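Here is how the chains run, residue by residue.
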Amino acid sequence: MTGAGAAEARPLRVMALDQCADQYALALSPDADLALSPRADDPDAWLRTAAAGRRRMRPTLEAAIAFRPDVVVRYWGGEPRLLARLEATGVRVVTIEDATDFDGIRANIRAVAAALGVPGRGEALAARMDATLPRTAAPGAEPPQRSALYLTAGGFTADAAAMLKAGA
């Protein structure tokens, strides 16, 4: 079979370039032909058990050429030349944006779900998140006004403003 019919005969090919992208791909399109990042099953990966037995690929042009993805999902992974080459060959690249609130998270879920052709799954995932959030606070309590500092194992934070607030 050739042409459009050939593309429809196989599952969607999704390449995730980093651990955050792995989580979105696994949550929204587990039935796709997935190529996950090398960190997909690290101990800090929420969906590490779902990543078990799945293909792993380094985020390189050579790996992408061999895999032939339809969609590439990324947060920080993938160097600019790789991304430009993928887009130039018609691969849809969806970037997960920095989210500082739940509206941002919902927007990311919807954007990735749309790129993967599963908007209904995105809405369902956002709805599950929204249903869970009220159960995380004490009944009748106002959400606590706390601040936090995200610090990576390598000693990096989210931005300079976060470091100033933390007194660093």
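Residues numbered from 1 in each chain as written. Predicted model: local features only at pLDDT ≥ 70, side-chain atom pairs only at ≥ 80, totals over all residues. Heavy atoms only, no water.

S.K.: Can you help me understand the packing of aromatic side chains in this one?
M.R.: Here the distance between the centres and the angle between the planes together describe a pair of aromatic rings. Counting across every chain of the model gives zero aromatic pairs. The ring of Phe 67 carries the charged tip of Arg 13 above its face, separated from the ring centre by 5.2 Å. (Phe/Tyr/Trp six-rings, centres within 6.5 Å; stacked < 30°, edge-to-face > 60°. Lys NZ or Arg CZ within 6 Å of the ring centre and 35° of its normal.)

S.K.: Got a minute to help me understand the nonpolar core in this structure?
M.R.: Grouped burial of nonpolar side chains is what soluble globular proteins tend to show. Ranked by internal contacts, the top residues of the largest apolar core, which has 23 residues, are Val 14, Leu 28, Leu 34, Leu 36, Val 73, Val 112 and Leu 116. Of all the elements in the fold, those that place two or more residues in this core are β1 (13-16), α2 (19-28), β2 (33-36), β4 (71-74) and α6 (102-115). The element that contributes the greatest number of residues to this core is α2, accounting for five residues. Beyond its immediate stretch of four places on either side in the chain, Val 112 contacts Tyr 24, Leu 28, Val 73, Val 94 and Ile 96. With 13 residues, the next largest nonpolar core counts Ala 63, Ala 64, Val 72 and Leu 83 among its residues. (Core = buried A, V, L, I, M, F, W, Y, C linked by side-chain atoms within 4.5 Å. Buried < 20%, exposed > 50% of the residue type's maximum accessible area, 1.4 Å probe, protein only. Helix = DSSP H or I, 4+ residues; strand = E, 2+ residues; numbered from the N terminus. Contact = heavy atoms within 4.5 Å.)

S.K.: Can you walk me through the pattern of salt bridges in this structure?
M.R.: In a structure, side chains of opposite charge can pair up when their charged atoms sit close to one another. The tally for this structure, following the rule as stated, stands at eleven salt bridges. Close ionic contact of Asp 70 with Arg 10 constitutes a salt bridge, the shortest N to O distance being 2.9 Å. With Asp 70 in the loop between α4 (61-67) and β4 and Arg 10 in the loop between α1 (4-9) and β1, this residue pair connects regions lying 60 residues apart in the sequence. Overall, Asp 70 belongs to the partly exposed group, its relative accessible area being 25%. By relative accessible area, Arg 10 is classed as partly exposed at 27%. In this structure, Arg 106 and Asp 103 form a salt bridge, with 2.7 Å as the shortest nitrogen-oxygen distance. Remark: Asp 103 and Arg 106 occur in helix α6; sequence separation between them is three residues, near one turn of the helix. You can call Arg 106 buried: its relative accessible area is 15%. Salt bridges here are not isolated pairs; linked through shared partners, they connect Arg 13, Asp 33 and Arg 55. (Salt bridge = Lys/Arg side-chain N within 4 Å of Asp/Glu carboxyl O.)

S.K.: What is the right way to look at the sheet that holds strand β3 (residues 55-56) in this model?
M.R.: Backbone hydrogen bonds hold the strands of a sheet together, and the pairing may be parallel or antiparallel. With parallel pairing, five strands are arranged side by side in an open sheet as β3-β2-β1-β4-β5. The open sheet has two free edges, formed respectively by β3 and β5 (92-95), since each of these has just one partner strand. In this sheet, β4 lies alongside β1 in parallel orientation, the contact comprising three bridges. What sits directly across from Ala 16, in β4, is Val 73. Of the strands in this sheet, β1, β2 and β4 touch α2, which is tilted by about 165° from β2. (Pairing = 2+ DSSP bridges. Axes fitted to C-alpha atoms, helices over the stretch in contact; angles between N-to-C directions.)

This is a description of form; function is not addressed.
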